[in-house]
Amino acid sequence: LKRTLGLRAALRRGGGATGLSPAGKRSARKAASRRFRKGLAASFTRDGRIRWQRLFAPSAADGADSAPPPPPVLPVKLELASGTGDWVAAQAAADAGAANWVACELKHDRVASLLSRVALGRVDNLAVVGGDGVALLRDRVSPESVAHIFVNFPEPPHRWGTEDSLSHLTGSLLTPPLFDAA
């Protein structure tokens with residue numbers, strides 16, 4: 001996370017470390033990093049499955065003075081191949097308080113766009129996963145923990161002369177391994 005998603009830069013700039021000495025800022029960054037790692041670790045079971053309720057739970061850092069009450073159990077809706085996130089962000093905003101959403105995207109630049117959309121739009125009920133959707137469903141999602149799975153663009157767009165120029169050879173996302181994992 002520190003190398004690929006800019007976590008180090010975010011921690012260096014944020015965390016309420018204004019007005020502190022350089023040593024105080026380093027200490028605040030380390031504390032923020034520890035809180036982040038602890039919260040992230042609590043969002044997974046021992047076998048690496050995602051605990052949706054913990055992942056979407058508000059933290060004390062969200063403005064509460066003490067531990068918040070457990071959130072209501074909301075259905076989780078997952079979009080695979082989310083692209084830059086226009087559709088999934090709109091759906092999550094419309095479902096605020098009624099459902100939690102997960103956007104899964106393979107391409108790093110699109111994951112970065114999704115993360116920006118979530119942060120800048122303050123879409124609190126949308127999590128972003130960068131990686132292969134089949135592997136996510138097979139290895140990280142507990143059976144029957146997702147209410148709906150959406151695949152709006154099952155075939156990647158073909159672009160000549162780019163790294164995607166061979167995408168027409170990879171075919172559709174709608175494959176037997178995806179259906180087996182879902």
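Residues numbered from 1 in each chain as written. Predicted model: local features only at pLDDT ≥ 70, side-chain atom pairs only at ≥ 80, totals over all residues. Heavy atoms only, no water.

Undergrad: Explain the overall build of the chain here, please?
TA: Along the backbone of the chain there are 8 helices and 4 strands. Each helix (α) and strand (β) of the chain, taken in turn from the N terminus, gives the series α-α-α-β-α-β-α-β-α-β-α-α. Restricting to contacts in the chain with at least 6 residues of sequence separation, those with at least 24 account for 63%. Working note: accessible area of the chain is about 11,900 Å², and carbon and sulfur atoms make up 56% of it. (Helix = DSSP H or I, 4+ residues; strand = E, 2+ residues; numbered from the N terminus. Contact = heavy atoms within 4.5 Å. Areas by Shrake-Rupley, 256 points an atom, 1.4 Å probe, with all protein chains shown as cover.)

Undergrad: Explanation requested: the confidence of the model for the chain in the structure shown.
TA: Detailed conclusions should not be drawn from predicted coordinates in areas where pLDDT is low. Mean pLDDT over the chain: 77, with 67% of residues reaching 70 or higher. Under a pLDDT of 50 for its full length, residues 1-5 has, in the predicted model, 10 contacts with residues more than four places off or in other chains. Across residues 165-169 the pLDDT falls below 50, and counting only partners more than four positions away or on other chains, this stretch makes 7 contacts in the model. (pLDDT = per-residue confidence, 0-100.)

Undergrad: Explain helix 2 (residues 22-42) to me, please; I cannot follow it from the model alone.
TA: Since the α-helix advances by 3.6 residues per turn, residues separated by three or four positions end up pointing in the same direction. With 21 residues, helix 2 extends 30 Å from end C-alpha to end C-alpha; this agrees with the ideal 30 Å at 1.5 Å per step. For helix 2, the full list of buried residues reads Ala28, Ala31, Ala32 and Ser33. (Expected span 1.5 Å × (residues − 1). Buried < 20%, exposed > 50% of the residue type's maximum accessible area, 1.4 Å probe, protein only.)

Undergrad: Explanation requested: the nonpolar core in the structure shown.
TA: Grouped burial of nonpolar side chains is what soluble globular proteins tend to show. Counting residues in hydrophobic clusters, the biggest one holds 13 residues, and the most contacted among them are Trp52, Leu78, Val102, Leu136, Val141 and Val146. Put simply, the parts of the chain that give this core at least two residues each are strand 1 (76-80), strand 2 (100-105) and helix 6 (133-140). Broken down by element, the residue count for this core peaks at 3 residues, all from strand 1. Once residues within four sequence positions are removed from consideration, Leu78 is found in contact with Val102, Cys104, Leu136, Leu137, Val146, His148, Ile149 and Phe150. Membership of the second largest hydrophobic core comes to 10 residues, among which are Val88, Ala99, Trp101 and Leu126. (Core = buried A, V, L, I, M, F, W, Y, C linked by side-chain atoms within 4.5 Å.)

Undergrad: Please clarify how the side chain of Lys77 should be interpreted in this entry.
TA: Mapping Lys77 onto the fold places it in strand 1. What makes Lys77 buried here is its relative accessible area of 17%. Side chain to side chain, Lys77 and Asp95 meet in a polar contact 3.0 Å long. Apart from residues lying up to four places away in sequence, Lys77 is in contact with Asp95, Ala99, Asn100, Trp101, Val102, His148 and Phe150. (Polar contact = N/O pair within 3.5 Å; in protein donor to acceptor, adjacent residues only side chain to side chain.)

Undergrad: Would you mind showing me how to read the environment of Gly48 here?
TA: In this structure, Gly48 sits in the loop between helix 2 and helix 3 (52-55). Look past the residues within four positions of Gly48 in its chain and what remains in contact with it is Asp139 and Arg140.

Undergrad: Help me out: how do you make sense of the pattern of salt bridges in this one?
TA: Any two side chains of opposite charge can pair, so long as their charged atoms come close to each other. For the structure on display, the rule yields 4 salt bridges. For Asp95, the salt bridge goes to Lys77, with nearest N and O atoms at 3.0 Å. Of this pair, Asp95 sits in the loop between helix 4 (86-94) and strand 2 while Lys77 sits in strand 1, and the two are 18 residues apart along the sequence. Across the pair, exposure class does not vary: Asp95 and Lys77 are buried alike. Residue Glu105 pairs with Arg110 through a salt bridge whose shortest N-O separation is 3.7 Å. Since its relative accessible area comes to 5%, Glu105 is described here as buried. (Salt bridge = Lys/Arg side-chain N within 4 Å of Asp/Glu carboxyl O.)

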